[in-house]
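Each chain, letter by letter, is given below.
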Amino acid sequence: MSKILFFGGKGGVGKTSCSSAFAVKRASEGHKVLLVSTDPAHSTSDLFERKIGPKIVPLRDNLDALEIDPQKEADDYIKMIKGNMSQIVSPIILDEMNQQLDAARVSPGSHESALFDKMIEIINKTSADYDYIIFDTAPTGHTVRLLSLPEMLGAWMDTLLRKRRKTMALKRMVDRAKGKESEQDPIIKILMRRKENLEKARHIMMDEKSLSFVFVMNAERLPIEETKKAVKLLKKYQIPVQSLVVNRILPESKDEFWKNKKLSETKYLEEINESFDVSHIYKIPMFQSDMKASSIDQMADYFRK
Ligand SMILES: Nc1ncnc2c1ncn2[C@@H]1O[C@H](COP(=O)(O)OP(=O)(O)OP(=O)(O)O)[C@@H](O)[C@H]1O
Ligand SMILES: [Mg+2]
């Protein structure tokens, strides 16, 4: 089973850069690595300066990557279900089902659940082939919510199933009165399968040896506070935080302004050291310019084990 790492953190702290550099480092050490971006802005493609897209492509020796687009996943999923159903049920039922599916598209968690399904599919399909599956995620709140999904969706699915069973029971009564035979309901089947998938996902997520979190932050007040909150929340779901990355560490300077900045950074670093119980804290310096394909290796070097 591969190690599954989620890189999380506040917007703009360096999740995409650090997850990519981490992936490059592990691959250069000889591990087979899959880097998965869940960011609709396709920033991994931008960073590596090449198109990645929804299919697995090789990036370097031992390193493959793909990008998932949450919106597209949600739309494809609904389209697929609609397509399947038009072949099995009568037009009258189909109309009603389409209405229910359109409701599902805007229901809470439908984007996340499609994204989640996709992530689970990737994990299930590829975990035999890779030592590491690394997810570059959207900002913190979103990701942690994603991981609480199986629980949240479990309840939501139960409600949907209950409603659907009620509708079908009514329909059966009407059919019986008309002396007609009832059709089997594909929606219930699909919902059940989805529920099973979510439960499987929960098992994978709860297995301490396979899944953990890496938080990226800057040595500043707000990112530290947000990381503390996120770590607490993850604890509630029994998801371990493997390591932290403190990104954009300032260089030493003789300038008074930067000297003061550096001083407060040192205090924050001490606070980080004391506040988090993790196996590793990676410290990455601020580079002179924004990250580009040619500077990934420079950052990767700081992710030595
Ligand atoms: N150590 C660093 N030194 C210099 N620039 C950096 C460093 N780390 C990240 N950057 C730059 O900061 C910007 C934000 O980084 P990145 O895209 O990795 O953050 P992110 O957390 O993925 O953002 P988002 O939340 O929008 O997905 C990018 O322009 C990147 O090149
Ligand atoms: Mg990003």
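To be clear, the structure that these remarks concern was listed above.
Residues numbered from 1 in each chain as written. Chains lettered and ligands numbered in written order. Predicted model: local features only at pLDDT ≥ 70, side-chain atom pairs only at ≥ 80, totals over all residues. Heavy atoms only, no water.

A.B. asks: Whenever I open this one, the overall build of the protein confuses me. Can you help?
C.D. replies: A tally of regular secondary structure across the protein gives 11 helices and eight strands. Sequence-distant contacts in the protein: of pairs separated by 6 or more residues, those separated by 24 or more amount to 76%. Accessible area for the protein stands at about 16200 Å²; split by element, carbon and sulfur atoms hold 53% of it. (Helix = DSSP H or I, 4+ residues; strand = E, 2+ residues; numbered from the N terminus. Contact = heavy atoms within 4.5 Å. Areas by Shrake-Rupley, 256 points an atom, 1.4 Å probe, with all protein chains shown as cover.)

A.B. asks: Explanation requested: the pairing of strand β4 (residues 63-67) in the structure shown.
C.D. replies: The side chains of a regular strand alternate between both faces of the sheet. Within β4, five of the five residues are buried, which leaves the element mostly enclosed by the surrounding structure. Side chains Leu63, Ala65 and Glu67 project from β4 onto one buried face, and the interleaved Asp64 and Leu66 project onto a second face that is buried too. Judged from the five bridges that link them, strand β2 (residues 33-37) and β4 form a sheet pairing that is parallel. Residue pairing for β4: serine 37 is matched across the bridge by glutamate 67. (Buried < 20%, exposed > 50% of the residue type's maximum accessible area, 1.4 Å probe, protein only. Pairing = 2+ DSSP bridges.)

A.B. asks: Mind showing me how you'd approach unusual backbone geometry here?
C.D. replies: Note on backbone geometry: most residues besides glycine have negative phi, and most peptide bonds are trans. At asparagine 62, a position not held by glycine, the phi torsion is positive, near 70°. Position of asparagine 62 among the secondary structure elements: in the loop between β3 (57-60) and β4. By relative accessible area, which is 29% here, asparagine 62 ends up partly exposed. Backbone geometry places arginine 248, a non-glycine residue, at a positive phi of 65°. By secondary structure assignment, the location of arginine 248 is in strand β7 (residues 241-249). For arginine 248, a relative accessible area of 36% translates into the label partly exposed.

A.B. asks: Looking at this structure, I do not really get the side chain of lysine 25. What am I missing?
C.D. replies: Mapped onto the fold, lysine 25 is located in helix α1 (residues 15-28). If we skip the residues at most four places from it in the chain, lysine 25 touches Ala300, Asp301, Phe303 and Arg304.

A.B. asks: I tried to follow the site of ligand 1 on my own but got confused; where do I start?
C.D. replies: Residues in contact with ligand 1 amount to 19 residues; listed here are only the nearest, Lys15, Thr16, Ser17, Arg248 and Met291. Glycine 12 has a polar backbone atom sitting 2.9 Å from an oxygen atom of ligand 1. Protein contact buries 79% of the 630 Å² of open area that ligand 1 shows by itself. When contributions to the shell around ligand 1 are tallied by element, the ones reaching two or more residues are α1 and β7. (Near = heavy atom within 4 Å. Polar contact = N/O pair within 3.5 Å; in protein donor to acceptor, adjacent residues only side chain to side chain.)

A.B. asks: Just checking my understanding: could you explain the packing of aromatic side chains for this structure?
C.D. replies: Each aromatic ring pair is described using two quantities: the centre-to-centre distance and the angle formed by the ring planes. Throughout the structure, instances matching the rule amount to 10 aromatic pairs. The interplanar angle of 80° and the centroid separation of 6.3 Å between the aromatic rings of phenylalanine 22 and tyrosine 132 together place this pair among those described as edge-to-face. Remark: tyrosine 132 occurs in strand β5 (residues 132-136) and phenylalanine 22 occurs in helix α1; sequence separation between them is 110 residues. Tyrosine 132 matches phenylalanine 22 in its accessibility class, with the two residues each being buried. Relative to tyrosine 302, the ring of phenylalanine 287 has its centre 6.3 Å away and its plane inclined at 55°; by these criteria the two rings are tilted. Taken as a pair, phenylalanine 287 in the loop between β8 (280-285) and α11 (296-300) and tyrosine 302 in the segment after α11 lie far apart in primary sequence, 15 residues in all. Under the relative-accessibility criterion, phenylalanine 287 is labelled buried at 17%. (Phe/Tyr/Trp six-rings, centres within 6.5 Å; stacked < 30°, edge-to-face > 60°.)

A.B. asks: Can you walk me through helix α10 (residues 256-275) in this structure?
C.D. replies: For an α-helix the count is 3.6 residues per turn, leaving residues at separations of three or four pointing the same way. Helix length check: α10, at 20 residues, gives a terminal C-alpha distance of 29 Å against a target of 28 Å (1.5 Å per residue), a fit within 8%. Of the residues making up α10, those classed as buried are Lys262, Glu265, Leu269, Glu271 and Ile272. On the buried face of α10, the contacting elements are β6 (211-218), α9 (221-236), β7 and β8. Its side-chain oxygen at 3.1 Å from the backbone nitrogen of phenylalanine 257, aspartate 255 defines the N-terminal cap of α10. (Expected span 1.5 Å × (residues − 1).)

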